[in-house]
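Single-letter residue listing:
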Amino acid sequence: MRGEAAAATRLDDRQVVEFKGAGFTYDGETFVFEGLDLNVRQGQFVCLLGGNGSGKSTLAKHVNALLTPDEGSVHVLERDTRDPHATYFIRSNAGMVFQNPDDQLVASLVENDVAFGPENLGVPTSQLATLVKRSLAEVGLQGYDARETNALSGGQKQRVAIAGVLAMNPQILVLDEASAMLDPRGRAGLLRVCQELHERGMTIVMITHFMEEAALADRVVVLDGGRVRLDGTPEEVLTQGELLESLNLDMPFACRLSLQLQRRGVPVKACVTDAELEEELCRLFSTR
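The model shown is predicted, which means the values in this text are computed figures rather than measured ones. (Residues numbered from 1 in each chain as written. Predicted model: local features only at pLDDT ≥ 70, side-chain atom pairs only at ≥ 80, totals over all residues. Heavy atoms only, no water.)

How would you explain the environment of Cys47 if you had to name every residue and give the values?
Of note, Cys47 is situated in strand E3 (residues 45–49). Separated by 96 residues in sequence, Cys47 and Gly143 have C-alpha atoms that sit 31 Å apart. Discounting chain neighbours no more than four positions away, the residues touching Cys47 are Met206, Thr208, Ala214, Ala217, Arg219, Val220 and Val221. (Helix = DSSP H or I, 4+ residues; strand = E, 2+ residues; numbered from the N terminus. Contact = heavy atoms within 4.5 Å.)

If you had to explain the nonpolar core to someone new, which residues and values would you point to?
Residues Leu49, Ile162, Leu173, Leu175, Ile204, Val222 and Leu238 are the most contacted members of the largest nonpolar core, which totals 51 residues. Considering each element in turn, this core owes the most residues, 6 residues, to helix H6 (residues 154–166). Excluding anything up to four places from it in sequence, Leu173 contacts Gly95, Val97, Ile162, Val165, Leu197, Met202, Thr203, Ile204 and Val205. In terms of nonpolar packing, the next biggest core, distinct from the first, is built from 30 residues, Val17, Val74, Val76 and Leu77 among them. (Core = buried A, V, L, I, M, F, W, Y, C linked by side-chain atoms within 4.5 Å. Buried < 20%, exposed > 50% of the residue type's maximum accessible area, 1.4 Å probe, protein only.)

Please provide a residue-by-residue account of the pairing of strand E1 (residues 15–25), values included.
Where burial is concerned, most of E1 is hidden: 8 out of the 11 residues are buried. Alignment of E1 against strand E2 (residues 31–41), held across 7 bridges, turns out to be antiparallel. Within E2, the residue paired with Glu18 across the bridge is Asn39. Where E1 folds back on E2, the antiparallel hairpin that results is connected by 5 residues, among which Gly28 adopts a positive phi of roughly 85°. In this sheet, strand E4 (residues 71–76) lies alongside E1 in antiparallel orientation, the contact comprising 5 bridges. Paired with Gly23 across the bridge in E4 is Glu71. (Pairing = 2+ DSSP bridges.)

This is how it looks when you write it as structure tokens:
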């Protein structure tokens, strides 16, 4: 299976996010989710899918302790998110990137924006310049230190936002529809950064409505009405066309095409990524 050997070396059994019977309501009456049980292991790349109102963004905000449960519990890195003494630790170690980078950038210069978080964490001034350069290099923006943030493209702004989070050295990266406002090139660049960070062992929780992005995760969780409807590998989840359609979700293009080929008698496996489909077709034609 895709990347299983590499994934096995990255993951351990430690649960870094634990929802236990968790329930949350904005108005005190209607639950966005209720009785939710969901765990994320150290080093996992988890993608959350679901239609509007499914609860995925609300769930993501619980990982950063921006919201706390009304029922049950949420623990992040073994800290209870409702404990006010744990809030600083959780938000320092579970960095969050939002949909619109303009809502997250706080400085007019890239270097000042990336330095903002670690400076507030007490990182000495003498170390900030090195930290900023390293964080920008991690997102492919070497040499952008003195650029003005308002002159950057949407994809570049989003990568600056991620660099600002990385500068705080978090253990978990949460992306809440972070690619939604980007063009295809910007989305590809953002996803490449996430994959590279994941390969280095970072735990990533990504919310997206782009199925091709979900196909590259270790694990896909589909929410519906605040409840988990599907939970498994991309291969297990994204090939369930009828169920996904009932939840107003599409299969990735590679899934649709490979399953259509199967129905026509073509001996290919169900593929979730374009790369897998290309490999299958090359194998097929090379044997003829």
